[in-house]
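Breakdown of the fold
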Amino acid sequence: MIHHTDCGMLTFSDDELKAQIHEEVGLKPHFSMESFSDLEEDVRQSMARIQASPFVPHKESVRGFVYEVETGRLRDVTLPIHRSAWKGFSQKFVCRTLHRASPLRDDERRSKSLHAA
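Residues numbered from 1 in each chain as written. Predicted model: local features only at pLDDT ≥ 70, side-chain atom pairs only at ≥ 80, totals over all residues. Heavy atoms only, no water.

Among the nonpolar cores identified, the biggest contains nine residues, and these are Cys7, Phe36, Leu39, Val43, Met47, Val62, Val66, Val77 and Leu79. No other element matches helix H2 (residues 39–52), which puts three residues into this core. Not counting residues up to four positions away in its chain, the partners in contact with Leu39 are His3, His4, Thr5, Leu10 and Val66. (Core = buried A, V, L, I, M, F, W, Y, C linked by side-chain atoms within 4.5 Å. Buried < 20%, exposed > 50% of the residue type's maximum accessible area, 1.4 Å probe, protein only. Helix = DSSP H or I, 4+ residues; strand = E, 2+ residues; numbered from the N terminus. Contact = heavy atoms within 4.5 Å.)

The following block contains the structure:
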């Protein structure tokens, strides 16, 4: 999942665009335009949608990035660890997603859990 800086979706809100369309053509769209104000948070939301989708069969390595148009740099975006960021998702989904997103390899994870016991 890659978003980019200087994205047009950052330049408006859904309500503003719907009002402008209504003013120009007389109809107000009933659907969301999916605009956003926080680039990295929208990447995280998109990653979570992919993880939650029953239509994506292989979700083991879902990753997110922001392509910086100005520098050509690709910035890694990680899923949040804090509980409040996962509000609305099932506990099973959160645990599975965080397990897959963990930077620790399985042997490191086992070692840490053994030392914590």
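So, next bit.
Taking strand neighbours across the sheet as the criterion, the three strands line up as E1-E2-E3 in an open arrangement whose pairing is mixed. With one partner strand each, in any of the chains shown, strand E1 (2–4) and strand E3 (74–77) form the two edges of the open sheet. Across the sheet, the mean angle from the axis of one strand to that of its neighbour is 30°, orientation sign disregarded. Where strand E2 (residues 64–67) meets E3, four bridges bridge the pair, whose relative direction is antiparallel. Residue Gly64 lies in a different strand from E3, and its bridge partner there is Val77. Docked against the sheet, H2 engages E1, E2 and E3, running at close to 150° with respect to E2. (Pairing = 2+ DSSP bridges. Axes fitted to C-alpha atoms, helices over the stretch in contact; angles between N-to-C directions.)

It is worth spelling out the side chain of Asp14 at this point. On the secondary structure map, Asp14 appears in helix H1 (residues 14–25). Notably, Asp14 is buried but unbridged: the nearest opposite-charge side chain belongs to Lys18, and the N-O separation is 5.3 Å. Among the polar contacts made by the side chain of Asp14, one reaches the main-chain amide nitrogen of Met33 at a distance of 3.1 Å. (Lys, Arg positive; Asp, Glu negative; His and termini not counted. Salt bridge = Lys/Arg side-chain N within 4 Å of Asp/Glu carboxyl O. Polar contact = N/O pair within 3.5 Å; in protein donor to acceptor, adjacent residues only side chain to side chain.)

As a further point, take a nonpolar patch on the surface. There is a patch of nonpolar side chains on the surface, built from Ile2, Tyr67, Val69 and Leu74 and spanning about 350 Å² of accessible area. Residue placement: Ile2 occurs in strand E1. You can call Ile2 exposed: its relative accessible area is 52%. (Patch = residues over 30% accessible without salt bridge, like charges linked within 9 Å, V, L, I, M, F, W, Y side chains within 5 Å. Areas by Shrake-Rupley, 256 points an atom, 1.4 Å probe, with all protein chains shown as cover.)

A few words on unusual backbone geometry. Backbone geometry places Asp6, a non-glycine residue, at a positive phi of 60°. As for its position among the elements, Asp6 is in the loop between E1 and H1. Taking relative accessible area as the criterion, Asp6 reaches 65% and is therefore assigned exposed. Phi at Glu34 is positive, roughly 65°, even though this residue is not glycine. Assignment of secondary structure puts Glu34 in the loop between H1 and H2. Residue Glu34 is classed as partly exposed on the basis of its relative accessible area, which comes to 37%.

Take it as geometry only, folks, not as evidence of what the structure does.
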